[in-house]
Every structure is written in C-alpha cells, then in structure tokens.
Amino acid sequence: MALLRRFAAVFDDDDVDQAVADVDAAYAALRPAQWEGYWPCGADWLARADFRGENVTWQRDEAGNQRARQDDHDDEPFYSTRTGPDTGTGDGFPHAPLRAVLSAAMATVSGPGRALS
C-alpha cells in the first residue's frame, strides 16, 4: 500500500477517512521502532491525491476497462495514462495484464481459509 499509494487518488464518491487510515497504517507498518524524525502520513498523501470537486469521472467500456475524464477544472489537472478508450493496438494502458495481476493478487490474498473484507 505504501508503494502503490502514488498511483491512487480520492474522488467524490470515495470513503476518504478510510483511504487516509489505510495509508497511515501502511506507513506506520514501515516506520522503524526507534524513529523520531519526520515520517510520511495519510494527510501528506491526501494533500496530493485529493481530486474531490475536480470533476474527474471514470468511464467503463464494454470490456470493463476504466478510463478517466476531467471536465472544467480550476486546479491541478488529474493525470492518468488511462484517458482514452482502449484501441486494441497495445499502445494504450495495459488493461488485460493489469486484470491478470489483480486476479492473481486476489487469489493469493484470499487463498484457502481466508476471506477478503
């Protein structure tokens, strides 16, 4: 989570408190026991990842692939490599490999005797 947080953002319909708590927990798990200096926190992440009110919407195509769209924004534009429809040429976002990785991760995490919450 601490490594992937740079690829995550919050939008209008997200549970922001839960997202910040998850990022805080990920950072805390990596903090050395005797550390007394600055250590990143969820609020630091949120300051860069909060796109609530910035008119970012996610659209899903027929294959289930999602892409971002941002209309009329006043602040920093939302950046994503997933801004256009999948052309099938292999030049765009690698949706199929991402689905394969996420499916493998889900199977690993929820293996026998484990349930995802």
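Residues numbered from 1 in each chain as written. Predicted model: local features only at pLDDT ≥ 70, side-chain atom pairs only at ≥ 80, totals over all residues. Heavy atoms only, no water.

Chemist: Looking at this structure, I do not really get the packing of aromatic side chains. What am I missing?
Modeler: In this description, a pair of aromatic rings is defined by centroid distance and the angle of the planes. Within the structure shown, the criterion is met by 3 aromatic pairs. Taking 5.9 Å as the distance between ring centres and 80° as the angle between the ring planes, the aromatic pair formed by Phe 11 and Trp 58 counts as edge-to-face. Of this pair, Phe 11 sits in the segment before helix H1 (16-30) while Trp 58 sits in strand E1 (residues 56-60), placing them 47 residues apart in sequence. Residue classification places Trp 58 among the partly exposed positions, given a relative accessible area of 29%. Members of the aromatic cluster, joined through ring pairs, are Phe 11, Phe 51 and Trp 58. (Phe/Tyr/Trp six-rings, centres within 6.5 Å; stacked < 30°, edge-to-face > 60°. Helix = DSSP H or I, 4+ residues; strand = E, 2+ residues; numbered from the N terminus. Buried < 20%, exposed > 50% of the residue type's maximum accessible area, 1.4 Å probe, protein only.)

Chemist: Looking at this model, I keep getting lost on the pairing of E1. Mind explaining?
Modeler: For a regular strand, side-chain orientation follows a simple rule: the groups alternate between the two sheet faces. The pairing of E1 with strand E2 (residues 66-70) spans 5 bridges and is antiparallel. Directly across from Thr 57, in E2, lies its bridge partner Arg 69. Counting the residues between successive antiparallel strands, the hairpin from E1 to E2 contains 5 residues, one of them, Gly 64, with a positive phi of roughly 90°. (Pairing = 2+ DSSP bridges.)

Chemist: Explanation requested: the pattern of salt bridges in the structure shown.
Modeler: If charged atoms from side chains of opposite charge come close, those side chains can pair. What the rule picks out here adds up to 1 salt bridge. Of the charged contacts, one joins Asp 50 and Arg 52 as a salt bridge, the two residues approaching to 2.6 Å between their closest N and O atoms. Residue classification places Asp 50 among the partly exposed residues on the basis of a relative accessible area of 29%. (Salt bridge = Lys/Arg side-chain N within 4 Å of Asp/Glu carboxyl O.)

Chemist: Even after reading the chapter, I still don't get a nonpolar patch on the surface, so can you show me in this structure?
Modeler: Among the surface-exposed residues, Leu 3, Leu 4 and Phe 7 lie close enough to one another that they form a single nonpolar patch of about 420 Å² accessible area. If you trace the backbone, Phe 7 turns up in the segment before H1. (Patch = residues over 30% accessible without salt bridge, like charges linked within 9 Å, V, L, I, M, F, W, Y side chains within 5 Å. Areas by Shrake-Rupley, 256 points an atom, 1.4 Å probe, with all protein chains shown as cover.)

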